[in-house]
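Summary of the model geometry
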Amino acid sequence: MVGVSHSSSSEIKEYIQDSWESNTTPNTQENGGISFKMNNKWLSIAIFMALYINLSRGYSALEDARIIAEYKKSIQSKPDELNHAEIARKLVHQTDWAAVGTISQKPAIKDYPMVNIISINDNDGQQKSTGRIQFLLTDLDFTGADRKVNNRTTFLFTDEQRLHCSQAIPSTDPMEPKCARAVISGQIKKLDKDSPDYSPAEASFIKRHPAAENWIKRHNFYLCELEIENIYVLDSYGGPQNIKADDYYNIKLE
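Residues numbered from 1 in each chain as written. Predicted model: local features only at pLDDT ≥ 70, side-chain atom pairs only at ≥ 80, totals over all residues. Heavy atoms only, no water.

1. Quick notes on the overall build of the protein chain
Helix and strand counts for the protein chain stand at 8 helices and 9 strands. Taken across its 254 residues, the protein chain has 33% of its residues classed as buried. For the protein chain, contacts bridging at least 24 residues in sequence account for 65% of all contacts bridging at least 6. Accessible surface computed for the protein chain: about 16,300 Å², of which carbon and sulfur atoms make up 53%. (Helix = DSSP H or I, 4+ residues; strand = E, 2+ residues; numbered from the N terminus. Buried < 20%, exposed > 50% of the residue type's maximum accessible area, 1.4 Å probe, protein only. Contact = heavy atoms within 4.5 Å. Areas by Shrake-Rupley, 256 points an atom, 1.4 Å probe, with all protein chains shown as cover.)

What follows is the structure, given as structure tokens:
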């Protein structure tokens, strides 16, 4: 939350002191003390200072909770917006790539997180969504080399990959919770080339990513699949939702 600009405490003190001296009238009391009668100008200053203190309080957890509650109430009549598993499936299906994190094996950054861009495919031979996240790797690349030592990984999918947030009217910043994202973690499984499912899966991948045919021929790329262990979906205010893999796979996309 952006508040008003803040003056230093010394500036405020000096302003109050000057205002006090120039805008009060002393009255002598019987006991020898001094009281001050406040005129209209000083009253205005007091109101201003009260407003300043109120506006400069900044973030309010209660106000944040109120906004979240109102937002959830406003979408109760739209259950599809709260179907987090379906949102995850749609994000995976509509995007052609993911930001992929692994634990780096490069000496310069060993054991640091490494992020890469990986083309993905979730279609079967008829180009229908299965939810299965398949992708090509090579041991010449970051992710392929990391997989050989530690095959744990996380894939990030976001609605902004199709510019559905920044180019919407009104636009939404990609970091806003309403710009949906799915964070899918699991283990990388290298698929068996001798399996009867391998060639159809490879053909489906190439249909979606024609350049992959050259990757396979020239750079020894091999087909892999993400064995999903955990899914987080952030698609509204109130924090991420934890989705079961079974619920994700059970979604039927038209």
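Now that the structure has been shown, the text picks up again.
2. Comments concerning the layout of surface pockets
A volume near 260 Å³ is recorded for the second largest pocket. The wall of the second largest pocket is formed by 14 residues, among which Arg132, Gln134, Asp197, Pro200 and Ala201 lie closest to the centre. Counting only elements with at least two residues in the lining of the second largest pocket, the list comes to strand S5 (129-137) and helix H6 (198-208). If you tally residues by element for the lining of the second largest pocket, the top one is H6, at 4 residues. Considering only residue class, the lining of the second largest pocket consists of 4 nonpolar, 6 polar and 4 charged. (1 Å grid on protein atoms, 1.4 Å probe; cavity = no way out; pocket = protein on both sides within 12 Å on 5 of 7 lines; lining within 4 Å. Points joined across faces, edges and corners; volume = space filled by probe spheres on them. Nonpolar A, V, L, I, M, F, W, Y, C, P; charged D, E, K, R; others polar.)

3. Regarding the nonpolar core
Among the nonpolar cores identified, the biggest contains 36 residues, and Ile120, Ile133, Phe135, Phe155, Phe157, Ile184 and Ile231 are the most heavily contacted of them. Elements with a minimum of two residues in this core: helix H4 (84-94), strand S3 (97-103), strand S4 (113-123), S5, strand S6 (152-158), strand S7 (181-190), H6 and strand S8 (222-234). A total of 7 residues in this core trace back to one element, the largest contributor, which is S8. (Core = buried A, V, L, I, M, F, W, Y, C linked by side-chain atoms within 4.5 Å.)

4. A look at the packing of H6 against helix H7 (residues 212-219)
The N-to-C vectors of H6 and H7 enclose an angle of 125°; their axes lie 8 Å apart at closest approach. Considering their axes alone, H6 and H7 lie oblique with respect to each other. On H7, the residues touching Glu202, Phe205 and Ile206 of H6 are Ala212, Glu213, Trp215 and Ile216. Across the contact of H6 with H7, the residue classes break down as 5 nonpolar, no polar and 2 charged. (Axes fitted to C-alpha atoms, helices over the stretch in contact; angles between N-to-C directions. Parallel < 35°, antiparallel > 145°, perpendicular 65-115°, else oblique.)

5. Structural notes on the packing of aromatic side chains
Under the counting rule described, the total for this entry stands at 4 aromatic pairs. Between Phe135 and Phe155 the ring centres are 5.1 Å apart and the planes differ by 50°, which places this aromatic pair in the tilted class. Of this pair, Phe135 sits in strand S5 while Phe155 is found in strand S6, placing the two residues 20 residues apart along the sequence. Between Trp215 and Phe221, the aromatic rings sit 5.7 Å apart at their centres with planes inclined by 40°, giving tilted as the arrangement. Grouping aromatic residues by their ring pairs yields a cluster made of Phe135, Phe155 and Phe157. The ring of Tyr248 has Arg89 lying over it, and the distance from NZ or CZ to the ring centre is 5.5 Å. The ring centre of Tyr222 lies 4.3 Å from the NZ or CZ of Lys190, which sits over that ring. (Phe/Tyr/Trp six-rings, centres within 6.5 Å; stacked < 30°, edge-to-face > 60°. Lys NZ or Arg CZ within 6 Å of the ring centre and 35° of its normal.)

6. Focus: the pairing of S8
Across 4 bridges, S5 lies against S8 in antiparallel orientation. Across the sheet, residue Phe135 finds its bridge partner in S8, namely Cys224. Strand direction decides the pairing type here: S7 and S8, joined by 10 bridges, are antiparallel. By the bridge assignment, Gly186 is partnered in S8 with Ile228. Here S8 pairs with strand S9 (residues 241-243) via 3 bridges, running antiparallel. Within S9, the position partnered with Val233 by the bridge is Gln241. In textbook terms, the turn of a hairpin is the stretch between consecutive antiparallel strands, and for S8 and S9 this stretch comprises 6 residues, one of which, Gly238, has a positive phi near 115°. (Pairing = 2+ DSSP bridges.)

7. Here we look at the confidence of the model for the protein chain
Scored by pLDDT, the protein chain has a mean of 81; 70% of the residues are at 70 or more. A low-confidence stretch, residues 1-13 (pLDDT under 50), is modelled with 12 contacts involving residues beyond four sequence positions or located in other chains. In this model, residues 15-39 is a region of pLDDT below 50 whose contacts with residues beyond four sequence positions or in other chains number 27 contacts. (pLDDT = per-residue confidence, 0-100.)

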